[in-house]
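Residue-level listing of the chains:
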Amino acid sequence: MSVRSAGPESTTTHADPEPGRVVAAFGRHVLVEDAQRIRHRCMIAGRRLRPVCGDRVRWARPTDQSKALLVAIEPRHNELARPSRRGQTEVLAANIDQLLGVVAPVPQPDPYIVDRYLAAAELMDAEACVIVNKSDLGDTAATLDPDEFKQVGYTVLKTSADTGTGLEPLATLMAGKTSIIVGQSGVGKSSLLNALIPGLELAIDAVSDATGEGKHTTTASVLHHLSGGGEIIDSPGVRDFAPPTMEAGSVASAFREIAALADRCRFSDCMHLKEPDCAVKAAVESGVISARRYESYRRLVRLMAELGSRA
Ligand SMILES: Nc1nc2c(ncn2[C@@H]2O[C@H](COP(=O)(O)OP(=O)(O)OP(=O)(O)O)[C@@H](O)[C@H]2O)c(=O)[nH]1
Ligand SMILES: [Mg+2]
Ligand SMILES: [Zn+2]
């Protein structure tokens, strides 16, 4: 990915550009943090620049009454993205070391969405963990078995923002890294950050009694610093998630237990669907690979084929 710059980097109304970090993006303006961690509201120089939370950028202070200006985005180490409604790709955040996927007993968890977040993390080369929050309300066993994720090597942590259970291990998990916390609305993402970061007072709101769903309280991704070093990006809850459009043949690389067996299939381009002598299907039949995770793989292959044919 190249540096995206919109025209001349300095103007008569602005000082020379300096490095900064996007800590929140709202359409055509952003909050950029300077080296002293002071946050500045910036306009964006040109329509081709699409900064997102986590971007490292160059921005210029105004020398007159005009507004600070973001002039360039540094190359991204990686991007968390999803397919947009118009069949393109929407980037949600950039330069992420670790994705924390949160579920809770309420709202009702969906293991297939967790798989897709984990898949996105694999594809963007980020670490991933599953946080089972609201442990004070019981477990998620009725719809989601956290052991499925543990068995394939993901860290699974039980937490409660209310009672403090698991908050210390969660802080350890986040120390020194740039993480993004994701999941359905109402699972307690902002509540966990409020419990972890002294003085942070993010808005939270109860899950609706009528629908059993969260109220989409957080509306934009915002980066927060952790006292022990590291950063966490709080993100708005989503109803559904999928990694960006990819070749159906690439989906296997996003499921680590499937990727690990793929070179034992008879055909090197095996899709692990109907082919003979497929090591993946054999592993599903013998119970080595979870039948539910395999079903999730098949659903994502189907979705990518659909998205590909729409594009
Ligand atoms: N019992 C219990 N309730 C919790 C816990 N964590 C969060 N909650 C409650 O769950 C509700 C939703 O919490 P939020 O932190 O707003 O959830 P969110 O994931 O940030 O939601 P969005 O911003 O809409 O995506 C609030 O009423 C919280 O008080 C917990 O560990 N236990
Ligand atoms: Mg929130
Ligand atoms: Zn196969």
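Since this is a predicted model, take the numbers as computed values, not measurements.

### Let's talk about the overall build of the protein chain
Right, so step 1: Along the protein chain, the regular secondary structure elements total seven helices and 14 strands.
Right, so step 2: With the C-alpha coordinates aligned to their principal axes, the bounding extent of the protein chain is approximately 70 × 45 × 35 Å.
Right, so step 3: In the protein chain, which comprises 311 residues, the proportion classed as buried is 50%.
Right, so step 4: Of the contacts made within the protein chain by residues no fewer than 6 positions apart, 66% connect residues no fewer than 24 positions apart.
Right, so step 5: Accessible surface, the protein chain: about 15200 Å² in total, of which carbon and sulfur atoms supply 49%.
Right, so step 6: For the protein chain, the distance from the average site of its 36 positive side-chain charges to the average site of its 39 negative ones is 5 Å.

### Some words on the layout of surface pockets
Right, so step 1: Taken as a whole, the largest pocket holds about 950 Å³ of empty space.
Right, so step 2: When residues of the lining of the largest pocket are assigned to their parent elements, the largest contribution, four residues, is made by strand β8 (residues 89-94).
Right, so step 3: The residue inventory of the lining of the largest pocket, partitioned by class, reads 15 nonpolar, seven polar and eleven charged.
Right, so step 4: Domain assignment of the residues forming the lining of the largest pocket places at least three in each of domain 1 (4-73) and domain 2 (79-234).
Right, so step 5: In this structure, the second largest pocket spans a volume of roughly 440 Å³.
Right, so step 6: Along the wall of the second largest pocket there are 15 residues; nearest its centre are Arg 82, Pro 83, Ser 84, Arg 85 and Arg 86.
Right, so step 7: For the lining of the second largest pocket, the elements supplying multiple residues, two or more each, are β7 (79-83) and α7 (291-310).

### Details of the coordination of the magnesium ion (ligand 2)
Right, so step 1: Within the first shell, the magnesium ion (ligand 2) binds the protein through Ser 190 (OG) and Thr 218 (OG1), at distances of 2.0 to 2.2 Å. One end of the pair, Ser 190, is in helix α4 (residues 189-196); the other, Thr 218, is in the loop between α4 and β13 (222-225), with 28 residues separating them in the sequence.
Right, so step 2: Under the relative-accessibility criterion, Ser 190 is labelled buried at 8%.
Right, so step 3: A relative accessible area of 18% places Thr 218 in the buried class.

### Looking at empty space enclosed by the protein
Right, so step 1: Counted according to the given criterion, the structure contains one cavity of 30 Å³ or more.
Right, so step 2: Its boundaries defined by the atoms lining it, the largest cavity holds a volume of some 80 Å³.
Right, so step 3: Looking at the largest cavity, the residues that line it are Gly 101, Val 102, Val 103, Asp 110, Ile 113, Val 114, Tyr 117, Val 182, Gly 183 and Gln 184.
Right, so step 4: For the lining of the largest cavity, the elements supplying multiple residues, two or more each, are β9 (98-103) and α1 (111-123).

### Description of the site of ligand 1
Right, so step 1: Ligand 1 sits among 23 residues. The nearest are Asp 136, Ala 161, Ser 185, Lys 189 and Ser 191.
Right, so step 2: Within the backbone of His 216, one N or O atom sits 3.3 Å away from an oxygen atom of ligand 1.
Right, so step 3: Out of a free accessible area of 660 Å², ligand 1 has 91% covered by protein chains.
Right, so step 4: Of the residues that constitute the shell around ligand 1, the class distribution is six nonpolar, twelve polar and five charged.

### Concerning the domain arrangement of the protein chain
Accessible area lost when the parts come together is the quantity often used to give the size of an interface.
Right, so step 1: Examined at the domain level, the protein chain breaks down into domain 1 (4-73), domain 2 (79-234) and domain 3 (248-310).
Right, so step 2: Summarising the inter-unit geometry, the C-alpha centres of domain 1 and domain 2 are found 29 Å apart.
Right, so step 3: Across the boundary between the two partners, domain 1 contributes 14 residues, which contact 14 residues of domain 2.
Right, so step 4: For the pairing of domain 1 and domain 2, the buried interface totals around 980 Å² over both sides, and the portion due to carbon and sulfur atoms is 50%.
Right, so step 5: Per-residue buried area on domain 1 facing domain 2 is highest for Arg 21, Val 52 and Cys 53; these three make up 44% of the total on that side.
Right, so step 6: Inspection of the region where domain 1 meets domain 2 yields one salt bridge.
Right, so step 7: Across the pair Arg 21 and Glu 231 runs a salt bridge, and its minimum N-O distance is 2.7 Å.
Right, so step 8: Between domain 1 and domain 2 we count six residue pairs in polar contact (both at pLDDT 80 or more) in total.

Parameters and conventions
- Residues numbered from 1 in each chain as written.
- Chains lettered and ligands numbered in written order.
- Predicted model: local features only at pLDDT ≥ 70, side-chain atom pairs only at ≥ 80, totals over all residues.
- Heavy atoms only, no water.
- Helix = DSSP H or I, 4+ residues; strand = E, 2+ residues; numbered from the N terminus.
- Buried < 20%, exposed > 50% of the residue type's maximum accessible area, 1.4 Å probe, protein only.
- Contact = heavy atoms within 4.5 Å.
- Areas by Shrake-Rupley, 256 points an atom, 1.4 Å probe, with all protein chains shown as cover.
- Lys, Arg positive; Asp, Glu negative; His and termini not counted.
- Charge placed at Lys NZ, Arg CZ, Asp CG, Glu CD.
- 1 Å grid on protein atoms, 1.4 Å probe; cavity = no way out; pocket = protein on both sides within 12 Å on 5 of 7 lines; lining within 4 Å.
- Points joined across faces, edges and corners; volume = space filled by probe spheres on them.
- Nonpolar A, V, L, I, M, F, W, Y, C, P; charged D, E, K, R; others polar.
- Domains from an automatic or database assignment.
- Donors = N, O, S within 2.8 Å, 3.2 Å for Na, K, Ca; no water.
- Near = heavy atom within 4 Å.
- Polar contact = N/O pair within 3.5 Å; in protein donor to acceptor, adjacent residues only side chain to side chain.
- Buried area = accessible area lost by both parts, 1.4 Å probe.
- Salt bridge = Lys/Arg side-chain N within 4 Å of Asp/Glu carboxyl O.

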